[in-house]
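Descriptive structure summary
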Amino acid sequence: MEDPLQHPVPDKVGVASDLEGKEREHVTGAQGLASSADGVVAVSVDGSGVGTAARCVLRACRHPCGWVSITVAVAIIFAAVVQPIGCHSDSKCQRIAKDEAPLIYNQCAAFALGAFLVHEVASLCLTWKLAQQAIDVIHNIRDFMIPGVFLCVTFAILVIENVAHMNSTKWHAHVARGATYLDSEPVYTVFYIEWLINVPILLILAGRYALSRPLDEVARPLVVTNVYIIFAWAGYFIQDMAARVIVVAIAFILYFFASVDMLIWVRRFYDGNSVAELGYLRPFLTISLIVIFGLYGIVYLCRLCGAVSGGSEWLFFLVMNASTKLLASIAFAGIRSAEYHSLLLDMVANTNTVFQRSLTAAEIRDKFLLSED
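Described in the following lines is the structure provided in the data block. (Residues numbered from 1 in each chain as written. Predicted model: local features only at pLDDT ≥ 70, side-chain atom pairs only at ≥ 80, totals over all residues. Heavy atoms only, no water.)

The subject of this paragraph is the packing of aromatic side chains. Applying the stated criterion across every chain yields a total of 18 aromatic pairs. Residues Tyr188 and Phe191 carry aromatic rings whose centres are separated by 6.1 Å and whose planes lie at 70° to one another, so their mutual orientation is edge-to-face. By relative accessible area, Tyr188 is classed as buried at 3%. Given a relative accessible area of 1%, Phe191 falls into the buried group. Taken together, the ring pairs connect Tyr188, Phe191, Tyr192, Trp195, Tyr296, Phe316 and Phe317 into an aromatic cluster. (Phe/Tyr/Trp six-rings, centres within 6.5 Å; stacked < 30°, edge-to-face > 60°. Buried < 20%, exposed > 50% of the residue type's maximum accessible area, 1.4 Å probe, protein only.)

The strand order across the open sheet built from 3 strands is S1-S2-S3, with neighbouring strands paired in antiparallel fashion. Each edge of the open sheet carries a strand with a single partner, namely strand S1 (85-86) and strand S3 (186-188). Both S1 and strand S2 (residues 173-175) contribute to a ladder of 2 bridges, which runs antiparallel. Within the sheet, the bridge partner assigned to Ile85 lies in S2 and is Val175. Packed onto the sheet, helix H4 (residues 91-100) meets S2 and S3 and runs at close to 60° relative to S3. (Pairing = 2+ DSSP bridges. Helix = DSSP H or I, 4+ residues; strand = E, 2+ residues; numbered from the N terminus. Contact = heavy atoms within 4.5 Å. Axes fitted to C-alpha atoms, helices over the stretch in contact; angles between N-to-C directions.)

Let us now look at unusual backbone geometry. Glycine aside, a negative phi is what most residues show, and trans is what most peptide bonds show. Positive phi is not limited to glycine here, since Gln83 has a value of about 45°. In this structure, Gln83 sits in the loop between helix H3 (64-82) and S1. Given the relative accessible area of 57%, Gln83 is considered exposed. For Ser184, which is not glycine, the phi dihedral falls at a positive 70°. Here Ser184 shows up in the loop between S2 and S3. On the basis of relative accessibility, which here comes to 14%, the residue Ser184 falls in the buried class.

For the structure on display, the rule yields 1 cavity of 30 Å³ or more. By volume, the largest cavity amounts to about 50 Å³. Val187, Tyr188, Phe191, Tyr192, Tyr236, Arg303, Glu313 and Phe317 are the residues that line the largest cavity. Of all the elements in the fold, those that place two or more residues in the lining of the largest cavity are S3, helix H7 (189-210) and helix H12 (310-349). (1 Å grid on protein atoms, 1.4 Å probe; cavity = no way out; pocket = protein on both sides within 12 Å on 5 of 7 lines; lining within 4 Å. Points joined across faces, edges and corners; volume = space filled by probe spheres on them.)

Here the focus is the packing of helix H9 (residues 241-269) against helix H11 (residues 281-305). Between H9 and H11, the shortest axis-to-axis distance is 9 Å and the interhelical angle comes to 170°. Judged by the inter-axis angle, H9 sits roughly antiparallel to H11. Contacts from Arg244, Val248, Phe252, Tyr255, Ser259, Met262, Leu263, Trp265, Val266 and Phe269 in H9 reach Arg282, Pro283, Thr286, Ile287, Leu289, Ile290, Phe293, Gly294, Gly297, Tyr300, Leu301 and Leu304 in H11. Counted by class, the contact of H9 with H11 contains 16 nonpolar, 4 polar and 2 charged residues. (Parallel < 35°, antiparallel > 145°, perpendicular 65-115°, else oblique. Nonpolar A, V, L, I, M, F, W, Y, C, P; charged D, E, K, R; others polar.)

Written out as structure tokens, the structure is:
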């Protein structure tokens, strides 16, 4: 189990500035690595326009607006190239989608996820109400609220996704092309849109708030993950087999690099500390995401090769989407518990408390009798 003493909460006076200094060191170090990478790019292309573009991409990766811009740009480019056809315009695709994706599953999932969303929102509101009294004493109390906000957003997006599956026109799906066994098969694009929103949130929760990594360090695997999600989606609509193999291979290579970056988060989290001191709880979410994303890739590849039916892939994605967010919620319930425990211990340690031994009933009686005498 995690030792809560390893993540102290600053007291009102001095410790907060120390933590802020450490945070600046982490960010400065990450920026130094990114600057070095910029230099390598510049040297390798000898100052050409490619080097300038590469440096612009690296700079954009350091800011959330840059993450969104890169994701949107790649999605638009691939959509323009593959030009997917909506499932609503293909009667066979609509018929297959209705047969392999029963509405009852989405209805049950939406109801259950809605209940979890209400629970997260209620927990967040109550925590915020209680935290108002401690804002002047604990300067970073708002940081405790941010993971809860992110979890509420992920559950809300999942509810919207399941509601989208319930429509009869199947506007949320597109027609697969290429191999014979894929012709007119529905590709549920709404899954990929949900991943482009929720997966970055999960990576921020795992890297920034569970492992305390700076955003500059979280940015690269986040952007790479979104890019390979788009590559995987586009693989269903490429008719040329060689081009499809290349695109899918690039997607899996990008998954490998993103996973290595995430493992580096864990290694740096443990730098200078033993596993026994920091425990396994905080790295658990990162390792779980690497494994889960790998399972997604295996099922995707099996569907692309015809080894798994579209209905089986749909059901797997539906169940795993909900399970992954529940796993994140459970992990942060444990992390929050450890943080609150640490908070209480620090408040006791930083408070001058006068301890007075209480008298027992016998001692009170004896003292009373002596006073009468």
